[in-house]
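Examination of the molecular architecture
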Amino acid sequence: MTNKSYEEYKELGDQFKSPLFDFTMQNFMKKQTGFCYAGKWSYVLNLGSGIIKPCYQSIFHINIFENPQKPIKFNPVGKNCVAPFCMNSSHFISLGNIPSQKCPSYADLRNRMCGDGSEWYNATFKEVLSKKFNDGVPLTFSFKDDCIIYFNGILNKMAFKISDMLPKTLISKIKKKYK
């Protein structure tokens, strides 16, 4: 979202000495291949529309404003991500959505030193943001769950390929019809 080249953008960002910027740039255009728990442990929510989905690139979504009592039922993305790289990796990966990827905590990426030598976060807040979603959570699924995750991934990939081939006007009509 800039008219700068990648090199110019990186040079400007590097001036801020930001661990968050550095981590984001390390993951920019880097395909993630580890098992991703987005859709199980995290979601993307549009507060204006109420649309919630497992991650930015998922075709699966529900509108939580239409029926707030309806349970949110998603499965993790797994190894079926259609994105060329993890959008917002500094949040999703640092919070542990891909447990196999070693990375700093969200607190380490976001916390900064103030002019007086204090940190942005107090000890309690820093402790909370240092946690990972998978802390104390088993990372296994049943055979049935594995199958559902696998087939949902195939459907998501197929839908992306089909939507790339269809004219945008047709996609809008389909979305309106099945809204």
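Look up a bit, the structure's there.
1. Notes on the packing of aromatic side chains
Taken as a whole and assessed by the stated rule, the structure comprises eight aromatic pairs. Between tyrosine 6 and phenylalanine 28, the aromatic rings sit 6.0 Å apart at their centres with planes inclined by 15°, giving stacked as the arrangement. Taken together, the residues span a long stretch of sequence, with tyrosine 6 in helix H1 (residues 6–14) and phenylalanine 28 in the loop between helix H2 (19–27) and strand E1 (44–45) at a distance of 22 residues. In this structure tyrosine 6 comes out as partly exposed when scored by relative accessible area, which is 38%. In this structure phenylalanine 28 comes out as partly exposed when scored by relative accessible area, which is 38%. Here tyrosine 56 and phenylalanine 92 contribute two aromatic rings whose centre-to-centre distance is 5.9 Å and whose plane-to-plane angle is 70°, an arrangement assigned as edge-to-face. A residue pair is termed long-range when its members are at least 10 positions apart, and tyrosine 56 in the loop between strand E2 (51–53) and strand E3 (62–63) and phenylalanine 92 in helix H3 (residues 89–92) qualify at 36 residues. Judged by its relative accessible area of 11%, phenylalanine 92 is buried. Ring pairs connect the aromatic residues Phe35, Tyr37, Trp41 and Phe133, which therefore count as one cluster.

2. A closer look at the packing of H1 against H2
It is the contact of H1 with H2, at a shortest axis distance of 10 Å, that shows an interaxial angle of 155°. Viewed along their axes, H1 and H2 adopt a mutual orientation that is roughly antiparallel. Between H1 and H2 the crossing geometry is left-handed. Only Phe21, Asp22 and Met25 of H2 make contact with H1, whose side of the interface consists of Tyr6, Tyr9, Lys10, Gly13 and Asp14. When its residues are assigned to classes, the contact of H1 with H2 shows four nonpolar, one polar and three charged.

3. Describing the sheet that holds E1
Within a sheet, adjacent strands bond to each other through the backbone by hydrogen bonds, running parallel or antiparallel. Taken in spatial order, the three strands line up as E1-E2-E3 in an open sheet, and their pairing is antiparallel. On the outer flanks of this sheet lie E1 and E3, each paired with one strand and no other. Relative to E2, E1 runs antiparallel, the two sharing two bridges. Bridged to leucine 45 within E2 is isoleucine 52.

What counts and what doesn't
Residues numbered from 1 in each chain as written. Predicted model: local features only at pLDDT ≥ 70, side-chain atom pairs only at ≥ 80, totals over all residues. Heavy atoms only, no water. Phe/Tyr/Trp six-rings, centres within 6.5 Å; stacked < 30°, edge-to-face > 60°. Helix = DSSP H or I, 4+ residues; strand = E, 2+ residues; numbered from the N terminus. Buried < 20%, exposed > 50% of the residue type's maximum accessible area, 1.4 Å probe, protein only. Axes fitted to C-alpha atoms, helices over the stretch in contact; angles between N-to-C directions. Parallel < 35°, antiparallel > 145°, perpendicular 65-115°, else oblique. Left-handed = near helix turned anticlockwise from the far one by under 90°. Contact = heavy atoms within 4.5 Å. Nonpolar A, V, L, I, M, F, W, Y, C, P; charged D, E, K, R; others polar. Pairing = 2+ DSSP bridges.

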